[in-house]
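Okay, here's what each chain looks like letter by letter:
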Amino acid sequence: MISPEAIHLKNVVFGYEPRTPVLEVGELVVETGKRVFLYGPSGSGKTTLLGLITGVLTPQQGSCAVLGKDMTKMSAPARDRHRGAEMGYIFQSFNLIPYLTVRQNVALPCHVHKRRRQNIVAQTVSKEVERLVARLGLDTHLDRNVKKLSTGQQQRVAIARAVIGKPRLVIADEPTSSLDANRRADFLELLFEVCDEAQATLVFVSHDRSLMERFEERIALSEISRGCA
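Residues numbered from 1 in each chain as written. Predicted model: local features only at pLDDT ≥ 70, side-chain atom pairs only at ≥ 80, totals over all residues. Heavy atoms only, no water.

Enquirer: A description of the packing of helix 6 (residues 151–163) against helix 7 (residues 181–198) should follow, citing residues and the corresponding values.
Expert: In contact at an axis separation of 10 Å, helix 6 and helix 7 are set at 15 degrees when each is read in the N-to-C sense. On the basis of the axis angle, helix 6 is roughly parallel to helix 7. Of the two possible hands of crossing, helix 6 and helix 7 adopt the one that is right-handed. Counting all contacts with helix 6, which are made through Gln155, Arg156, Ile159 and Val163, the residues of helix 7 involved are Phe187, Leu190, Leu191, Val194 and Cys195. Of the residues belonging to the contact of helix 6 with helix 7, the class tally is 7 nonpolar, 1 polar and 1 charged. (Axes fitted to C-alpha atoms, helices over the stretch in contact; angles between N-to-C directions. Helix = DSSP H or I, 4+ residues; strand = E, 2+ residues; numbered from the N terminus. Parallel < 35°, antiparallel > 145°, perpendicular 65-115°, else oblique. Left-handed = near helix turned anticlockwise from the far one by under 90°. Contact = heavy atoms within 4.5 Å. Nonpolar A, V, L, I, M, F, W, Y, C, P; charged D, E, K, R; others polar.)

What follows is the structure, encoded as structure tokens:
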């Protein structure tokens with residue numbers, strides 16, 4: 001049974017140093033299947049919050065349930081497996097593997113995580129990569145090194161890598177910061193399409209409020225934070 005809540009953080013306190021909290025969250029709830037725009041100024045704790053949601057960081061206090069599992073009660077290897085199998089992540093700097101081709105970068109989650117491989121639509125991982133890349137207009141670049149692509153093309157490779165194998169949660173961390181207005185709109189359209197196909201919950205993090213009207217739900221970090229960031 002799919003949980004009605006993709007994310008539920010409650011009374012979370014996190015600090016990099018003991019007794020020095022940098023982020024306190026009273027409660028954050030993201031319903032399954034929603035497109036959520038999470039915003040706040042630079043330095044407000046957005047990246048720290050994403051670290052808690054993905055299990056890269058663990059809070060000193062509180063509960064952090066993501067896709068039906070309390071991350072605070074899981075070992076580090078278990079959190080790593082949960083993140084890799086169930087979450088897709090689009091980084092601000094894309095974090096593509098520079099010495100790999102487009103095809104190899106996109107396929108990577110399926111080679112590392114069995115569940116992602118089992119969830120592909122096509123008959124093979126290679127065919128699934130080709131299907132996704134064609135959907136994003138990159139089919140003529142499949143075997144090019146990602147370093148030779150434009151910023152916009154690299155961004156689309158990052159989308160494909162994040163959604164291959166139908167992760168249940170996709171997180172985009174300031175992915176449009178280097179794009180102009182027209183390219184931001186195109187990027188969002190593509191991201192929404194592939195997330196809808198994967199039936200993934202989308203959490204889009206940005207300080208750019210001009211994008212927020214495209215989302216079903218908008219959450220200001222200041223509304224859920226207790227002011228330590």
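Enquirer: Go over the confidence of the model for the chain, please, and point to the residues and values.
Expert: Taken residue by residue, the chain gives an average pLDDT of 92. The fraction at 70 or more is 97%. Put simply, helix 7 is where the chain has its lowest mean pLDDT, 88, and helix 3 (residues 102–112) is where it has its highest, 97. (pLDDT = per-residue confidence, 0-100.)

Enquirer: Break down the state of the cysteines for me, citing the residues and quoting the values.
Expert: Going through the model one piece at a time under the given rule, you end up with 0 disulfides. Not part of a disulfide, cysteine 110 finds its nearest cysteine sulfur in cysteine 195, a span of 15 Å. In this structure cysteine 110 comes out as buried when scored by relative accessible area, which is 0%. (Disulfide = S-S within 2.5 Å. Buried < 20%, exposed > 50% of the residue type's maximum accessible area, 1.4 Å probe, protein only.)

Enquirer: Just give me the short version of the sheet that holds strand 6 (residues 87–90), but keep the residues and values in it.
Expert: Reading across the sheet, the 5 strands line up as 6-7-8-3-9 and stay open at both edges, with parallel pairing between neighbours. This sheet does not close on itself; its edge strands, each paired only once, are strand 6 and strand 9 (217–220). Pairs of neighbouring strands in the sheet enclose a mean axial angle of 15 degrees, with direction left out of account. Sheet topology places strand 7 (residues 169–173) next to strand 8 (residues 201–206); 5 bridges connect them, and they run parallel. What sits directly across from leucine 169, in strand 8, is threonine 201. Sheet strands touched by helix 2 (residues 76–86): strand 6 and strand 7. Its angle to strand 6, the strand with the most contacts, is close to 75 degrees. Packing of helix 7 onto the sheet brings it into contact with strand 3 (35–39), strand 6, strand 7 and strand 8, and relative to strand 8 it is tilted by some 155 degrees. (Pairing = 2+ DSSP bridges.)

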